[in-house]
Amino acid sequence: MPDPVRRGAAAAGKPAAPLGRRDWLDAGQRLLRTSGVGALKLRALAGSLGISTGSFYHHFSDFDAYLVSLAKYYSGEQLAASIATVLREAHTPYDRILRASRLAEDTALPELIAAMRAWARRDERVAPEVAILERGLMDFLAECFVGLGFNQDEAIARAFVMLSVAGGEVPPPDLGDKHRFGGVIIDLVCAGAPGRLGEISERLR
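Being a predicted model, the structure only gives us computed values, none of them experimental. (Residues numbered from 1 in each chain as written. Predicted model: local features only at pLDDT ≥ 70, side-chain atom pairs only at ≥ 80, totals over all residues. Heavy atoms only, no water.)

K.L.:
Just checking my understanding: could you explain the environment of Val37 for this structure?
P.N.:
Inspection of the secondary structure puts Val37 in the loop between helix 2 (21–35) and helix 3 (42–49). A residue is classified by how much of its surface remains accessible, and Val37, at 18% relative accessible area, is buried. In the structure, Val37 is positioned 83 residues away from Ala120 in sequence and 9.7 Å away in space, judged by C-alpha atoms. Contacts of Val37, omitting those with residues within four sequence positions, involve Leu32, Trp119 and Arg122. (Helix = DSSP H or I, 4+ residues; strand = E, 2+ residues; numbered from the N terminus. Buried < 20%, exposed > 50% of the residue type's maximum accessible area, 1.4 Å probe, protein only. Contact = heavy atoms within 4.5 Å.)

K.L.:
Help me understand the side chain of Ser69 in this model?
P.N.:
Inspection of the secondary structure assignment puts Ser69 in helix 4 (residues 63–75). A relative accessible area of 19% places Ser69 in the buried class. Once you skip the residues sitting within four places of it in the chain, Ser69 turns out to touch Arg21, Leu25 and Phe60.

K.L.:
How should I be thinking about the nonpolar core in this particular structure?
P.N.:
Where a protein is soluble and globular, its nonpolar side chains tend to be buried together. Counting residues in each nonpolar core, the largest one holds 55 residues, and the members touching the most others are Trp24, Tyr66, Trp119 and Phe145. When neighbours within four sequence positions are excluded, Trp119 is seen to be in contact with Leu32, Val37, Leu67, Leu70, Ala71 and Val126. (Core = buried A, V, L, I, M, F, W, Y, C linked by side-chain atoms within 4.5 Å.)

K.L.:
What am I meant to see in helix 3 here?
P.N.:
The α-helix winds at 3.6 residues per turn, so residues separated by three or four positions along the chain end up facing the same way. Every buried residue belonging to helix 3 is among Leu42, Leu45, Ala46 and Leu49, and all of these are buried. Angular distribution of buried residues about the axis of helix 3 spans 95 degrees; they occupy a single face of the element. Among the exposed residues of helix 3, those oriented more than 90 degrees off its buried face are Arg43 and Gly47. A positive phi of about 75 degrees marks Gly50, the residue just after helix 3. (Arc of directions from axis to C-beta.)

K.L.:
Got a minute to help me understand the environment of Asn151 in this structure?
P.N.:
Structurally, Asn151 can be placed in the loop between helix 8 (127–147) and helix 9 (152–167). In this structure the side chain of Asn151 is engaged in a polar contact, spanning 2.8 Å, whose partner is the backbone nitrogen of Glu154. (Polar contact = N/O pair within 3.5 Å; in protein donor to acceptor, adjacent residues only side chain to side chain.)

Honestly, that's just the spatial picture; any functional story needs more than this.
Here it is as structure tokens:
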């Protein structure tokens, strides 16, 4: 007999196929962004997916194991996938900085960073994962700035500015377009790049 909850979810446009581990992890991140770690409850997760709680135990032994997996997903699979996307879709240091910024905006990464930092203050297991992600992003952005011709210190400082903007608790100004402020920041941190003129000339050929 069909599960009425799953049937209703399918009717509402949600996938009827069995959900995987990543679906549960993504659902947890959505709850973290919107409501904070206090909202991370099994029933709330299942409700957000439009299913019963039964399939949860096909992927996680218990809720504590789920929380550990959720924290590690943030610093592991998700970080690696995001960097791979940028490297695949952008081929110059400047374009990679642009693509990384746009991807962060499109995936609501600033909200997730804030939520993960808040969670880390409550759970000592989460703090190392937050540090791993932030170090990974810093290293990736710094490498891009080095590719633009900045020295190592200049590159790290610019990467720090970008990450601070993304994870800051002060909301960005409303410039009428969600991507516009990010573009202004990128122009600021890339200004005077020794390699930038050469890159632009290469594009115009």
